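One-letter residues, chain by chain:
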There are 2 protein chains.
Amino acid sequence: MLTDGNLLCTRPSAVTDAPADPGRVRGRRPPHGDPVVDRAFALLAAFDAGHRSLSLGELSRRSGIPTSSTLRLAGRLIAWGALERGDDGRFTIGLRLWEVASLAPRGQGLKQVALPFMGDLEEVTRQHVLLAVREGTEALLVERLSAHQAMDVLYRVGGRLPLHSTGVGLVLLAFADSEFQASVLDQPLVHLPERVPVSPAALRRTLAEVRREGVATLRRRAPQPLVSVAAPIFGADDKITAALSVVVPLENAEPRLLGPAVRTAARSISRGLGARRSIGHNGSGASA
Amino acid sequence: MLTDGNLLCTRPSAVTDAPADPGRVRGRRPPHGDPVVDRAFALLAAFDAGHRSLSLGELSRRSGIPTSSTLRLAGRLIAWGALERGDDGRFTIGLRLWEVASLAPRGQGLKQVALPFMGDLEEVTRQHVLLAVREGTEALLVERLSAHQAMDVLYRVGGRLPLHSTGVGLVLLAFADSEFQASVLDQPLVHLPERVPVSPAALRRTLAEVRREGVATLRRRAPQPLVSVAAPIFGADDKITAALSVVVPLENAEPRLLGPAVRTAARSISRGLGARRSIGHNGSGASA
DNA sequence: AGGCTCTTGCCGCTCAATGGAAGAGAAGGT
DNA sequence: ACCTTCTCTTCCATTGAGCGGCAAGAGCCT
């Protein structure tokens with residue numbers, strides 16, 4: 001995709017039979033890849049956690065859009081406020097975009113309800129408290145509270161986590177509709193730090209247990225030994241909306257005690273979102 | 001702007017001399033207001049705090065784009081993830097947009113550095129802690145921590161605050177470059193709840209004091225009696241980047257004690273952002 | 001059943017968007 | 001001082017992507 005443009009573009013040599021062409025080929029509109037709007041958003045998608053500011057060239061290369069078009073589009077985005085440009089000419093994501101994006105019900109809206117209860121959990125556990133939702137086949141970290149004396153930071157707000165090897169991920173997967181579960185289980189999965197393959201049968205058993213207990217407890221040795229205890233949050237439609245989790249170092253962990261705390265907080269948040277049924281153990285959808 | 005489209009559009013009667021036109025006028029492309037990209041973002045801008053979910057009709061009306069075009073554009077935004085559509089057909093801001101927007105240096109990036117120090121302030125004061133940046137002629141609330149026992153919530157994360165009648169606003173204004181200050185002071189300003197006009201001279205004196213002390217202390221009686229104590233945060237370029245504030249109820253407030261706490265926290269955040277000079281009293285820019 | 005609003009698909013007409021070329025500017029090497 | 005290389009910006013002839021009125025379908029309240 002990205003290189004198609006170059007391949008299709010007219011090379012200076014031998015495109016037409018005419019050996020010297022005084023009438024320019026300028027203005028020939030090559031078949032472009034995407035409609036305008038998609039291109040505009042391709043510019044936004046060129047940014048990621050490792051590239052929060054990009055020069056024009058970088059932006060053009062990473063989005064696969066010719067420089068001149070990139071400049072023109074970026075100009076529009078800047079005029080609106082979706083992008084900002086520093087004195088050094090580098091582009092960053094604009095605050096205006098952050099402003100409208102903060103209206104996302106599954107982002108800021110969810111966070112607004114959850115934050116006080118997350119604060120409670122943080123005060124009690126003095127470690128990390130995570131709030132994540134499912135986005136595609138991954139979990140997306142919506143908020144993270146971390147006490148000072150907490151262990152090293154693991155994930156970034158706005159970052160993605162695998163579904164099958166994190167506490168929040170397991171919860172989101174366990175209570176998802178069975179159709180989606182099947183599609184995830186069909187694909188080969190590995191635990192990332194060590195690249196250990198995941199047995200679908202074992203994962204299926206784990207998910208059943210998560211549904212039965214209403215909590216997911218996940219232990220990990222690498223990179224740091226830790227325990228994650230996670231519980232589901234249900235929305236007004238009584239379907240799973242998010243997952244709440246506490247992450248503590250393995251040594252001084254008492255998962256038996258953390259479970260009820262996390263489940264209670266998750267229940268309170270569910271109630272705050274308008275959930276009525278299935279706040280207890282029995283997950284909606286996904287039987288057995 | 002919004003109605004121009006209608007006015008310019010061909011009315012069924014008497015557009016051409018031909019009295020009855022069997023060949024349809026369909027497909028006539030009227031002169032539209034805005035380029036595609038701007039329209040796409042106009043759709044996003046149609047959402048606000050009071051309208052987090054919109055039907056197609058509402059979206060069309062609020063953005064001033066004809067229904068069919070709205071549907072087509074919204075379809076693209078949904079395909080990318082900038083919008084989401086519920087089972088009821090209503091549109092909301094999409095999580096994918098929230099994800100990229102969380103890369104905004106002045107949003108999530110700033111918050112990431114500030115949050116731990118804000119947590120400290122919250123634990124000490126047990127009230128509201130605000131973090132805001134300047135966006136245009138207003139302040140934008142980037143983060144808010146509120147203890148449980150805190151007074152009623154005032155502002156919404158992602159919401160806007162006036163510069164001249166809030167603690168964070170005064171700080172952002174006081175340390176802004178003098179050119180911008182002048183442009184704000186030139187316009188008539190009022191304190192909003194009571195609509196009391198603001199005297200430019202008094203405001204100028206206040207700003208000078210804020211610069212001298214390195215803190216803004218603002219008392220308000222309505223809607224609730226409260227005190228806001230705010231301090232500036234400087235970035236790597238040693239210019240003002242954000243403002244930090246504690247908001248406490250007026251009765252049990254001790255502003256003299258809060259000042260140093262807020263200033264210390266703000267300084268720590270400045271250092272975390274890479275500021276070297278002007279962490280102390282003397283603001284950059286804006287002399288006298 | 002009739003009227004109303006909201007949503008969706010259709011389609012021929014244009015003009016907004018296009019990307020290469022060339023100019024401007026900065027940085028670095030010989 | 002001169003050339004090379006790189007990035008950024010402006011310009012413009014071409015054309016297909018985007019345009020919106022229309023009408024049919026789907027609910028929903030009289």
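What counts and what doesn't
- Residues numbered from 1 in each chain as written.
- Chains lettered and ligands numbered in written order.
- Predicted model: local features only at pLDDT ≥ 70, side-chain atom pairs only at ≥ 80, totals over all residues.
- Heavy atoms only, no water.
- Helix = DSSP H or I, 4+ residues; strand = E, 2+ residues; numbered from the N terminus.
- Buried < 20%, exposed > 50% of the residue type's maximum accessible area, 1.4 Å probe, protein only.
- Contact = heavy atoms within 4.5 Å.
- Least-squares fit on C-alpha atoms with pLDDT ≥ 70 in both.
- Pairing = 2+ DSSP bridges.
- Axes fitted to C-alpha atoms, helices over the stretch in contact; angles between N-to-C directions.
- Buried area = accessible area lost by both parts, 1.4 Å probe.
- Salt bridge = Lys/Arg side-chain N within 4 Å of Asp/Glu carboxyl O.
- Expected span 1.5 Å × (residues − 1).
- Parallel < 35°, antiparallel > 145°, perpendicular 65-115°, else oblique.
- Left-handed = near helix turned anticlockwise from the far one by under 90°.
- Nonpolar A, V, L, I, M, F, W, Y, C, P; charged D, E, K, R; others polar.
- Polar contact = N/O pair within 3.5 Å; in protein donor to acceptor, adjacent residues only side chain to side chain.

Q: For this particular structure, what's the right way to read the overall build of chain A?
A: Helix and strand counts for chain A stand at 10 helices and 11 strands. Burial status across chain A gives 47% buried among its 288 residues. Counted over contacts in chain A with a minimum sequence separation of 6, partners at least 24 positions apart contribute 53%.

Q: Explain the relation of the copies chain A and chain B to me, please; I cannot follow it from the model alone.
A: Each of the two chain copies goes to the other by way of a rotation about an axis and a shift along it. Expressed as a screw operation, the relation of chain A to chain B combines 0.0 Å of axial shift with a rotation of 180°, fitting to an RMSD of 0.0 Å. Expressed as a symmetry operation, the mapping of one chain copy onto the other fits a two-fold axis. Residue V37 of chain A of chain A places its C-alpha closer to the rotation axis than any other residue of that unit, at 2.9 Å. A high fraction, 100%, of the interface residues of chain A reappear at the interface in chain B, so the copies pair face to face through one surface.

Q: What should I look at first to understand the pairing of strand β5 (residues 138-146) of chain B in this one?
A: Residues and elements named next belong to chain B. Taken across its 9 residues, β5 has 7 buried, putting it largely inside the fold. Of the strand pairs in this sheet, strand β4 (residues 128-135) and β5 are connected by 8 bridges, and their pairing is antiparallel. From the neighbouring strand, L130 faces β5, where its bridge partner is R144. Linking β4 to β5, which pair antiparallel, is a turn of 2 residues; within it G136 sits at a positive phi near 65°. Note: β5 against strand β6 (residues 160-162), 3 bridges, orientation antiparallel. Counterpart to L140 in the pairing with β6 is R160.

Q: Just to check I follow, could you spell out the environment of D186 of chain B for this structure?
A: With respect to the secondary-structure elements, D186 of chain B resides in helix α8 (residues 178-186). Exposure remark for D186 of chain B: the relative accessible area of 66% places this residue in the exposed category.

Q: Could you clarify how one ought to interpret the pairing of strand β11 (residues 240-249) of chain B in this entry?
A: Two faces, one strand: in a regular strand the side chains alternate between the faces of the sheet. All names here are of chain B. Counting buried residues in β11 gives 8 out of 10 residues, a clear majority hidden from the surface. With 5 bridges connecting them, β4 and β11 associate as antiparallel partners. Bridge assignment links V129 to a residue of β11, and that residue is V246. Linkage of strand β10 (residues 226-234) to β11, two consecutive antiparallel strands, is achieved through a turn of 5 residues, within which D238 is found at a positive phi near 65°.

Q: It is not clear to me how the sheet that holds strand β9 (residues 216-220) of chain B should be interpreted in this structure. Could you clarify?
A: What holds strands together in a sheet is hydrogen bonding between their backbones, with the strands either parallel or antiparallel. Residue and element names in this part refer to chain B. Spatially, 6 strands are ordered β6-β5-β4-β11-β10-β9 in an open sheet, and the strand pairing comes out antiparallel. Since the sheet does not close on itself, it has two edges, and those belong to β6 and β9, each with one partner. When strand polarity is set aside, the average angle formed by the axes of neighbouring strands in this sheet is 35°. Those strands touched by helix α10 (residues 255-273) are β9, β10 and β11, and its axis lies near 25° from that of β10.

Q: In this structure, what is going on with the interface of chain A and chain B? I would like to understand it.
A: Note on interface size: it is often stated as the accessible area lost on association of the parts. Taken together, the contact between chain A and chain B spans 58 residues of the former and 58 residues of the latter. Of all residues in chain A, F41, W98 and L103 of chain A give up the largest surface area on contact with chain B, accounting jointly for 16% of the area buried on that side. Inspection of the region where chain A meets chain B yields 10 salt bridges. Close ionic contact of E123 of chain B with R126 of chain A constitutes a salt bridge, the shortest N to O distance being 3.5 Å.

Q: Help me understand helix α4 (residues 67-80) of chain A in this model?
A: Every α-helix carries 3.6 residues per turn, so stepping three or four residues along brings you back to the same face. Along its 14 residues, α4 of chain A runs 20 Å from first to last C-alpha, staying within 8% of the 20 Å computed at 1.5 Å per residue. Of the surrounding secondary structure, the elements contacted by the buried residues of α4 of chain A are α2 (36-45), α3 (56-63), β2 (83-85), β3 (91-93) and α5 (95-101) of chain A together with α2 (36-45) of chain B. Following α4 of chain A by one or two positions, G81 of chain A has its phi on the positive side, about 110°.

Q: Before we go on, may I ask you to explain the sheet that holds β2 of chain A in this structure?
A: All names here are of chain A. Ordered by their spatial adjacency, 3 strands build an open sheet running β1-β3-β2, and the pairing between neighbours is antiparallel. Edge positions in the sheet fall to β1 (53-54) and β2, since each has one partner strand and no second. Bridging between β2 and β3 involves 3 bridges; their strand directions are antiparallel. When the sheet's bridge partners are listed, L83 is paired in β3 with I93.

Q: Looking at this structure, I do not really get the pattern of salt bridges. What am I missing?
A: Two side chains bearing opposite charge may form a pair once their charged atoms approach each other closely. Applying the stated criterion to the full structure yields 24 salt bridges over all chains. As a salt-bridge pair, K111 of chain A and E143 of chain B come within 3.1 Å of each other at their nearest N and O atoms. Of the two residues, K111 of chain A is situated in helix α6 (residues 105-125) and E143 of chain B in strand β5; the pairing between them involves two chains. Both residues of the pair, K111 of chain A and E143 of chain B, count as buried. Notably, a salt bridge pairs E99 of chain B with R96 of chain B, separated by 3.4 Å at the nearest N-O pair. In this pair, E99 of chain B and R96 of chain B both sit in helix α5 (residues 95-101), 3 residues apart, roughly one turn of the helix.

Q: What should I look at first to understand the packing of α2 of chain A against helix α4 (residues 67-80) of chain B in this one?
A: Two numbers describe how α2 of chain A lies on α4 of chain B: the axes approach to 10 Å, and their chain directions differ by 30°. It follows from the interaxial angle that α2 of chain A and α4 of chain B lie roughly parallel. In this structure, the crossing between α2 of chain A and α4 of chain B has a hand that is right-handed. Seen from α2 of chain A, the contacting residues are V37, D38, F41, A42 and A45 of chain A; seen from α4 of chain B, they are L73, R76, L77 and W80 of chain B. Its residues assigned to classes, the contact of α2 of chain A with α4 of chain B comprises 7 nonpolar, no polar and 2 charged.

Q: It is not clear to me how unusual backbone geometry should be interpreted in this structure. Could you clarify?
A: Glycine aside, negative phi is the norm for most residues, and most peptide bonds take the trans geometry. Residue and element names in this part refer to chain B. One non-glycine residue with positive phi stands out, namely R126, at about 60°. Within the secondary structure layout, R126 lies in the loop between α6 (105-125) and β4. The phi dihedral of D238 falls on the positive side, at around 65°, and the residue is not glycine. Checked against the element boundaries, D238 lands in the loop between β10 and β11.

Q: Whenever I open this one, the environment of E138 of chain B confuses me. Can you help?
A: Residues and elements named next belong to chain B. Along the polypeptide, E138 turns up in strand β5. With a relative accessible area of 32%, E138 lands in the partly exposed category. C-alpha separation for the pair E138 and L172, spaced 34 residues apart in sequence, amounts to 9.3 Å. Sequence-distant contacts of E138, that is, excluding residues within four places in its chain, are made with V133, R160, L161 and L163. Separated by 3.0 Å, the side chains of E138 and R160 make a polar contact.

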